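# Per-entry structural report
Each chain is listed here by its residues.
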Amino acid sequence: MAAESNAVYSNFDTIVLGAGIQGSFTAYHLCKNSKTVLIDQFTLPHSRGSSHGQTRVIRKSYFKDYYTQMMTECYQLWKELEVEANVELFRQTGMLVLGKEGNPEFQTMKSTLVENEISMESFTSEEFSRRFPAVNLPEELSAIFDKSAGILYADRALKTVQDLFQRFGGTICDGEKVVDIQPGSLVTVTTTARIYRAKSLVITAGPWTNKLLNHLRLQLPLKTLRIVVCYWKEKVPGTYGIRKSFPCFLRIFDSVEHHIYGLPSNEYPGLMKMTPDQDFILDHHPEHNNIIIGAGFSGHGFKLAPVVGKVLCELSAGKEPSYDLSPFKMCRFQSNLKSLL
Ligand SMILES: Cc1cc2nc3c(=O)[nH]c(=O)nc-3n(C[C@H](O)[C@H](O)[C@H](O)COP(=O)(O)OP(=O)(O)OC[C@H]3O[C@@H](n4cnc5c(N)ncnc54)[C@H](O)[C@@H]3O)c2cc1C
């Protein structure tokens, strides 16, 4: 969009701030029913947030069953996107989950898969060695296999959602940093290039969320997440790669703060912020109902972006959300939510 100095752009119903995977999916859902602009500070594509890189793990195995339930629809929406754009975004490889039988998280993951009737396998050590001869399973560990899991091609997925958003009439304004937000019945957003005014604003600014929320006198309890991700690249082509369907893995530990997961990739993606309980924040601003915030994706948000985008769209349109959002409300952090009001 060409910038006109001092002009106020008020021809959009909704502004989405941040064109990572969450903002892009939100904008994609919104543009089907409302005029939507998606703003990003960097020229797209960029590699400075959380959503770039070659690959992300997609899986149904989770410690908390509300994510497993959301993943059923996520798989459908990822599939729909592949069909709409005629592009491959997902490759099924399965995922090995390794942990001690007595570990409560290992047990929860197993029971969540069983209760939600997700296809999985468990193995004796002989069966495991036969099935995965390249993987050494220590005696004290058990293994389950989430068959539905695999790899999402992250950069390609992000570009696909943004392309479809534009194809359905959405507007992307990139290379424009948001420098001010004024709440009101119409929200005013000032960027380095122009001023926008719209009925609602969705903020999906990834690691920059609290900087932007400063303008709205709110601070969320987000801290930098340190996780160990093991990325591998095949030395001998055709051995442990995606095309060979070599599985991703999750190693659950008893005594360390974070588990390790592994997946094939050539590149290490960037920054991320986590909430104290590692659940997302999907909620209205406590003072301004027409400002919606999606944040704190805690290192596991990519696969869930189709449903995250859908519920952020529903919140911004004033509709009843399709999922129970109580685990994602800000008020759960009442004691460490800093309202600067
Ligand atoms: C190392 C790593 C491994 C991961 N592995 C997995 C995995 O295997 N599976 C999985 O599901 N998830 C995984 N994740 C998590 C997932 O990638 C993130 O949850 C997701 O990408 C978050 O997207 P986002 O849109 O919230 O943030 P971002 O992608 O960071 O997007 C935020 C956007 O807001 C823009 N912005 C910020 N401030 C401004 C401003 N002032 N003006 C304009 N624009 C602004 C930024 O430029 C940026 O483009 C991983 C993350 C990392 C970092």
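Refer to the structure printed above.
Note that the structure is a prediction, hence the values are computed from the model and not measured. (Residues numbered from 1 in each chain as written. Predicted model: local features only at pLDDT ≥ 70, side-chain atom pairs only at ≥ 80, totals over all residues. Heavy atoms only, no water.)

### A word on the packing of helix α2 (residues 65-85) against helix α7 (residues 305-316)
- Between α2 and α7, whose axes approach to 7 Å, the crossing angle comes to 100°. On the basis of their axis angle, the class for α2 and α7 is roughly perpendicular. Judged by residue contacts, Met70, Glu73, Cys74, Leu77 and Trp78 of α2 engage Pro306, Val307 and Lys310 from α7.
- Looking at the contact of α2 with α7 residue by residue, the classes come out as 6 nonpolar, no polar and 2 charged. (Axes fitted to C-alpha atoms, helices over the stretch in contact; angles between N-to-C directions. Helix = DSSP H or I, 4+ residues; strand = E, 2+ residues; numbered from the N terminus. Parallel < 35°, antiparallel > 145°, perpendicular 65-115°, else oblique. Contact = heavy atoms within 4.5 Å. Nonpolar A, V, L, I, M, F, W, Y, C, P; charged D, E, K, R; others polar.)

### Concerning the nonpolar core
- Core analysis: the largest hydrophobic core is formed by 46 residues, its most contacted members being Ile21, Phe25, Trp78, Leu81, Phe280, Leu282 and Leu304.
- Counting only elements with at least two residues in this core, the list comes to α1 (21-30), α2, α5 (154-167) and α7.
- In terms of residue count, α2 provides more of this core than any other element does, 8 residues in total.
- If you look at the next biggest cluster of nonpolar residues, it comprises 29 residues, including Ala7, Tyr9, Leu17 and Val37. (Core = buried A, V, L, I, M, F, W, Y, C linked by side-chain atoms within 4.5 Å. Buried < 20%, exposed > 50% of the residue type's maximum accessible area, 1.4 Å probe, protein only.)

### Here's the deal with the pattern of salt bridges
- Summed over the entire model, instances satisfying the criterion amount to 11 salt bridges.
- Lys310 is the salt-bridge partner of Glu73, the closest N and O atoms lying 2.6 Å from each other. Placement of the pair is Glu73 in helix α2 and Lys310 in helix α7, with a sequence separation of 237 residues.
- On the basis of relative accessible area, Glu73 is assigned to the buried category, the value being 15%.
- Close ionic contact of Arg332 with Asp277 constitutes a salt bridge, the shortest N to O distance being 2.7 Å. In this pair, Arg332 is assigned in the loop between α7 and β23 (338-339) and Asp277 in the loop between β20 (273-274) and β21 (281-284), connecting sequence segments 55 residues apart. (Salt bridge = Lys/Arg side-chain N within 4 Å of Asp/Glu carboxyl O.)

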